[in-house]
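Per-entry structural report
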Amino acid sequence: SLYNQTSGLTESNINADPIIIFPNPTYGIINIKGNHAINEIQIINSLGEIVYKTETKGKKNFQFSLSHIPSGIYLMHVKTKGKFFSKKISINNNK
């Protein structure tokens, strides 16, 4: 455990990525692995519109299909208990 004198915060692992999304780019099926229970996933397009949303009921690992979403760059918002993560994903569905 590391103590940051500037912020006064303790970090258990500075390099740990709490959410892993793969494959990225995806060709339809996408997997999410988290260190914490995931409550909700949203996919947001470049206009800020939610194009996909699902509740995951606290699973740490989740797989779903984005084959119905047009190809492009999107933001994936992942909500865990008390935390919120945002990742850029690329969907390539050749539509």
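Residues numbered from 1 in each chain as written. Predicted model: local features only at pLDDT ≥ 70, side-chain atom pairs only at ≥ 80, totals over all residues. Heavy atoms only, no water.

Observations concerning the side chain of Thr 80
You can see Thr 80 is positioned in strand β6 (residues 72-80). Using a relative accessible area of 6% as the deciding quantity, one classes Thr 80 as buried. Those residues in contact with Thr 80 that lie beyond four places of it in its chain are Ile 19, His 36, Ala 37, Ile 38, Asn 39 and Phe 85. (Helix = DSSP H or I, 4+ residues; strand = E, 2+ residues; numbered from the N terminus. Buried < 20%, exposed > 50% of the residue type's maximum accessible area, 1.4 Å probe, protein only. Contact = heavy atoms within 4.5 Å.)

Things to note about the confidence of the model for the protein
Of the residues in the protein, 82% have a pLDDT of 70 or more, and the chain-wide mean is 85. Across residues 10-14, confidence stays below pLDDT 50; counting only partners more than four residues off in sequence or on other chains, it has 7 contacts. (pLDDT = per-residue confidence, 0-100.)

Comments concerning the pattern of salt bridges
Tallied over the full model, the rule gives 2 salt bridges. Notably, a salt bridge pairs Glu 40 with Lys 79, separated by 3.2 Å at the nearest N-O pair. Taken together, the residues Glu 40 in strand β4 (residues 29-44) and Lys 79 in strand β6 connect sequence positions 39 residues apart. For Glu 40, a relative accessible area of 11% corresponds to the buried category. Overall, the relative accessible area of 31% leaves Lys 79 in the partly exposed class. Linked by salt bridges that have partners in common, Glu 40, Lys 53 and Lys 79 make up one network. (Salt bridge = Lys/Arg side-chain N within 4 Å of Asp/Glu carboxyl O.)

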